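Read off the chains here:
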Amino acid sequence: MATHTGLDLGPDRDLDALPLRERKKIQTAIRIWRTAVGLFAERGFDQVSVAEIAAAAEVSKMTVFNYFPTKEDLVMSPMEQHLDESARVVRERTPGTSAVVALREQYLAALERFDPATGLNDDRAVVDVVRLIHRTPTLAMRATAGFGAQARALLTDELIAQDPAHDELTAQLAAAQLLITRLTLTTDNQRRMLAGERPADVLPGALDRARRAFALVERGLGDYCAGTS
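Residues numbered from 1 in each chain as written. Predicted model: local features only at pLDDT ≥ 70, side-chain atom pairs only at ≥ 80, totals over all residues. Heavy atoms only, no water.

Chemist: Any chance you could explain the nonpolar core here in plain terms?
Modeler: Side chains of nonpolar character tend, in soluble globular proteins, to be buried together. Ranked by size, the top nonpolar core spans 60 residues in total, and within it Phe 40, Val 75, Leu 111 and Leu 159 carry the most contacts. Among the elements that take part in this core, helix H10 (residues 199-221) stands out by supplying nine residues, more than any other. The residues contacting Leu 159, other than those within four sequence positions of it, are Val 90, Ala 99, Ala 171, Ala 174, Ala 175, Tyr 224 and Cys 225. (Core = buried A, V, L, I, M, F, W, Y, C linked by side-chain atoms within 4.5 Å. Buried < 20%, exposed > 50% of the residue type's maximum accessible area, 1.4 Å probe, protein only. Helix = DSSP H or I, 4+ residues; strand = E, 2+ residues; numbered from the N terminus. Contact = heavy atoms within 4.5 Å.)

Chemist: For this particular structure, what's the right way to read the pattern of salt bridges?
Modeler: Two side chains with opposite charge may pair up if their charged atoms get near one another. Considering all chains together, one arrives at 19 salt bridges under this definition. The partner of Glu 218 in a salt bridge is Arg 104, with the nearest N and O atoms 3.6 Å apart. Of this pair, Glu 218 sits in helix H10 while Arg 104 sits in helix H6 (residues 99-112), and the two are 114 residues apart along the sequence. The class of Glu 218 is partly exposed, set by a relative accessible area of 27%. One salt-bridge network, in which partners are shared between bridges, spans Glu 72, Asp 73, Glu 80 and Arg 142. (Salt bridge = Lys/Arg side-chain N within 4 Å of Asp/Glu carboxyl O.)

Chemist: It is not clear to me how the packing of aromatic side chains should be interpreted in this structure. Could you clarify?
Modeler: The description of an aromatic ring pair rests on the distance of the ring centres and on the angle between the ring planes. Going through the model one piece at a time under the given rule, you end up with two aromatic pairs. Each ring, one from Phe 40 and one from Phe 45, has its centre 4.9 Å from the other, and the planes form 55°; the classification is tilted. Across the pair, exposure class does not vary: Phe 40 and Phe 45 are buried alike. With a centroid separation of 6.2 Å and an interplanar angle of 50°, the aromatic rings of Tyr 107 and Phe 214 are classed as tilted. Placement of Tyr 107 in helix H6 and of Phe 214 in helix H10 is noted, with a sequence separation of 107 residues between them. Directly above the aromatic system of Phe 45 lies the positively charged group of Lys 71, at a separation of 4.7 Å from the ring centroid. (Phe/Tyr/Trp six-rings, centres within 6.5 Å; stacked < 30°, edge-to-face > 60°. Lys NZ or Arg CZ within 6 Å of the ring centre and 35° of its normal.)

Listed below in structure tokens is the structure:
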């Protein structure tokens, strides 16, 4: 099971360029998230209360819930910001570019910037979240449901919309293959981060594995969904 972690500010988004109010809100969310992850990593998810997290982050319990409606959201929200990522990449691809190529190029670029969503990031909080999800059944189930069902459904719908033939079966199979390829690569990267390897050292091999993996999918799917819509 792969997990995507790290509070997402969006691609190329400059925090310093945001209005002060929005910047403070994001900074508060990050502080709460990092505080929660630190406590969960130290004591376990079930042994830490939201009240304790609020006190440690120096905010009210209500403030925590304003940013993270449930205790599980304190761990899962950053990951779930990526549920529609593959669908968005297909939707925004350059006309004439196949779904496989669009998703491959996006993943390669994410690897090169050490995006936590690729698993190639050794920030302590990111690694702690990966370990925490693997050790906590309720979190593992939510992660599996999110990327095993929701992300696949979103990508399937987008592929159907982009395919002139609107072939539902092909879209379902393509979405499953593309997402399992990404999740397999990400899981391997996470395993290496958990083992203490450095992202910069892993990057060349990770790029090679990603190119090989997407090439295997491409030979099966060819130029599927390369329409000019």
